[in-house]
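# An overview of the molecular structure
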Amino acid sequence: MALHDTIVAPITAVGGAVALVRLSGPEAWRVAAKVFQPWPEAVEPRRATYGRAVTGEDGLALPFATGSSYTGEESVEISVHGSPASVRSLVEACLRAGARMAEPGEFTLRAFMNGRMDLTQAEGVRDLVAARTEAQLRRAALLREGGVRDLLSPARDALVGALAAVEASTDFSEEVGEVDVAGLTRRIESALVIIEEALRGARTSRLVRHGIHVVIAGRPNAGKSSLLNALVRADRAIVSDIPGTTRDTVEEEIEVDGVPVRLIDTAGLRASDDEIEQLGIERALGSMAAADAVLYVVDATCPWTEQERLEAGSHGRPWLLVANKSDLPRALSIERSVAVSAKTGQGLDAVREALSGWIGETDGGLVNERHVSLLEQASEAARHARDTLFQPVPHDLAAVALRQAVRLLGEVTGETTPPDVIERVFRDFCIGK
């Protein structure tokens, strides 16, 4: 991207009552003056001006000075009516006036390049835009506020201090003396404690970002599709008394404790000569093997068979036995099961409690998959540096590992991140952010 260009894009969803179009770059005010009147002769940053765009409609123009805008550049945000035609006409006018269309994520990339945020905060912006649940929103907000940076900064400072001490004792041994091994060890271990703390939150972070996949499995006509519909409170899956109605997986998402839970209804497990049904059964078994947990549904009006016992626990995943149709007079009491009626809603709270138990704690995790890999490598490098100090080798060899650990922590926040990694991070952004 040519980061010295003046760029434009809508920064709100098109189709609402009001839309915002942002200009950013060295010519932002000049372009705005061409498309919005009256434009003040003496621009007062952060003071909105009411006027009319060249498209013929009225709105507000809000200028920002270099260093005080979202991107850190000279910027203008123009509000107009939110219709697609209105937004498109204003953007086209800005393009004719000398701006170019912003690439996906380019506003936030410029904010990162101009020091307005670090790379983890930029990732927080992306996650804020994508948040579907309250837990995702809370996590993204903490990331946007610099939570990862604040957590890792003391670790990086400790390792930088240790590196400086090793290099000083190597280069100026007569002035500073020998390496203080005990002191260096304390610094490195304090950094390791912080890194391990961050890594412990990785599971929680992944859970909040991606949720869990829960397969609804069982024999035909046990009421799997009815249970799915009851949990999502909608007629999402076809329900029929005819065994084998479900041939393919049916997926729907609900929210539990602020975490997305993807429910996957599957074909009934039984021996079948029907080729299509066999494919559905194979897909059901594959879904069970890949799931985070399984709701195994049985018909409470029928005895639980040995085959069902084997199927229910064969996948190696946490599972709950759900005895459906428990509202019927002939329903049986099935040991270690949750009695449920998908028809009346009886027992659904117990199923949701089980889902909540599988989710567990949702607070405390901030690092994402990119961070985890770098933190694991940084931890390994720091441990190697610590161990080197106690080996019969020159102490300056520890500096190599310490330098690597510092670089890896810098890659998390963006100080030492390679350009191709930065490009991958911003590739997932939408236009206008």
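Here is a short report on the structure shown in this document. (Residues numbered from 1 in each chain as written. Predicted model: local features only at pLDDT ≥ 70, side-chain atom pairs only at ≥ 80, totals over all residues. Heavy atoms only, no water.)

### Structural notes on the overall build of the protein
Secondary structure assignment for the protein yields 16 helices and 13 strands. Rg of the C-alpha trace for the protein: 29 Å, well past the compact-globule value of 22 Å for 433 residues, more than 25% over. Taken as a whole, the protein presents about 20,700 Å² of accessible surface, with 52% of it coming from carbon and sulfur. Side-chain charges of the protein comprise 47 positive and 63 negative groups, with the mean position of each set lying 4 Å from the other. (Helix = DSSP H or I, 4+ residues; strand = E, 2+ residues; numbered from the N terminus. Rg over C-alpha atoms; globule rule 2.2 N^0.38 Å. Areas by Shrake-Rupley, 256 points an atom, 1.4 Å probe, with all protein chains shown as cover. Lys, Arg positive; Asp, Glu negative; His and termini not counted. Charge placed at Lys NZ, Arg CZ, Asp CG, Glu CD.)

### Structural notes on the side chain of Gln136
Position of Gln136 relative to the elements: it lies in helix α5 (residues 134-144). Polar side-chain contacts of Gln136 include one of 3.1 Å to the backbone oxygen of Arg209. (Polar contact = N/O pair within 3.5 Å; in protein donor to acceptor, adjacent residues only side chain to side chain.)

### Topic: the sheet that holds strand β8 (residues 212-218)
Ordered by their spatial adjacency, 6 strands build an open sheet running β9-β10-β8-β11-β12-β13, and the pairing between neighbours is mixed. Strands with a single pairing partner mark the edges of an open sheet, and in this sheet they are β9 (250-256) and β13 (338-339). Summarising the sheet, β8 and strand β10 (residues 259-265) pair through 5 bridges and their orientation is parallel. Across the sheet, Ile212 pairs through a bridge with Val261, a residue of β10. Where helix α10 (residues 224-232) meets the sheet, its contacts fall on β8, β9, β10, β11 (293-299) and β12 (319-324), and the angle it forms with β10 comes to roughly 155°. (Pairing = 2+ DSSP bridges. Contact = heavy atoms within 4.5 Å. Axes fitted to C-alpha atoms, helices over the stretch in contact; angles between N-to-C directions.)

### Considering the packing of aromatic side chains
Counted under the stated rule, the structure contains 2 aromatic pairs. Considering the side-chain rings of Phe112 and Phe426, the 6.1 Å spacing of their centres and the 40° angle between planes classify their relative orientation as tilted. Taken as a pair, Phe112 in helix α3 (residues 106-113) and Phe426 in helix α16 (residues 419-427) lie far apart in primary sequence, 314 residues in all. In this structure, Phe112 and Phe426 share a single accessibility class: buried. Among the aromatic residues, ring-to-ring pairing joins Phe112, Phe426 and Phe429 into one connected group. Directly above the aromatic system of Phe107 lies the positively charged group of Arg22, at a separation of 4.9 Å from the ring centroid. Lying across the ring of Tyr70, Lys433 places its NZ or CZ 5.1 Å from the centre. (Phe/Tyr/Trp six-rings, centres within 6.5 Å; stacked < 30°, edge-to-face > 60°. Buried < 20%, exposed > 50% of the residue type's maximum accessible area, 1.4 Å probe, protein only. Lys NZ or Arg CZ within 6 Å of the ring centre and 35° of its normal.)

### A look at the sheet that holds strand β4 (residues 49-53)
Taking strand neighbours across the sheet as the criterion, the 7 strands line up as β3-β4-β5-β6-β2-β1-β7 in an open arrangement whose pairing is mixed. Two strands close off the open sheet at either side, each with one partner strand: β3 (36-37) and β7 (100-101). In terms of strand pairing, β3 meets β4 through 2 bridges, oriented antiparallel. Within the sheet, the bridge partner assigned to Phe36 lies in β4 and is Ala53.

### Thoughts on the pattern of salt bridges
If you walk through the whole model with that rule in mind, you get 25 salt bridges. Across the pair Arg386 and Glu189 runs a salt bridge, and its minimum N-O distance is 3.7 Å. Here the residue Arg386 occupies a position in helix α14 (residues 369-388), and Glu189 occupies one in helix α8 (residues 181-200), the gap between them amounting to 197 residues. Each member of the salt-bridge network shares a partner with another, and the members are Asp5, Glu73, Arg100, Glu106 and Arg110. (Salt bridge = Lys/Arg side-chain N within 4 Å of Asp/Glu carboxyl O.)

### Description of the environment of Ser356
Here Ser356 shows up in helix α13 (residues 348-359). Accessibility expressed as a relative area gives 24% for Ser356, which makes it partly exposed. Between the alpha carbons of Ser356 and His371 there is a distance of 27 Å; along the sequence they are 15 residues apart. Residues in contact with Ser356, not counting those within four places in the same chain, are Val256 and Asp257. In this structure the side chain of Ser356 is engaged in a polar contact, spanning 2.4 Å, whose partner is the side chain of Asp257.

### What to know about the nonpolar core
The biggest cluster of nonpolar side chains holds 39 residues, and the ones touching the most others in it are Leu159, Ile188, Leu375 and Leu402. Residues contacting Leu159, with those up to four places away along its chain left out, are Ile188, Ala191, Ala382, Leu402, Ala405, Val406 and Leu409. Membership of the second largest hydrophobic core comes to 30 residues, among which are Leu228, Val259, Val340 and Ala342. (Core = buried A, V, L, I, M, F, W, Y, C linked by side-chain atoms within 4.5 Å.)

### A word on the environment of Arg370
Along the chain, Arg370 falls in helix α14. The exposure class of Arg370 is buried, given its relative accessible area of 18%. As a C-alpha pair, Arg370 and Glu306 span 64 residues in sequence and 45 Å in three-dimensional space. Excluding anything up to four places from it in sequence, Arg370 contacts Leu119, Thr120, Glu123, Glu411, Val412, Val421 and Val425.

### Focus: unusual backbone geometry
A cis amide bond links Gln37 with the next residue in sequence, Pro38, at an omega value of 0°. Look at Arg46: it is not a glycine, yet its phi comes out positive at around 65°. Along the chain, the position of Arg46 falls in the loop between β3 and β4. Classification of Arg46 by relative accessible area gives exposed; the value is 55%. A positive phi angle is found at Lys325, which is not glycine, with a value near 65°. Relative to the assigned elements, Lys325 resides in the loop between β12 and β13. By relative accessible area, Lys325 is classed as partly exposed at 25%.

Note that every value here comes from positions in space, so none of it alone points to a role or purpose.
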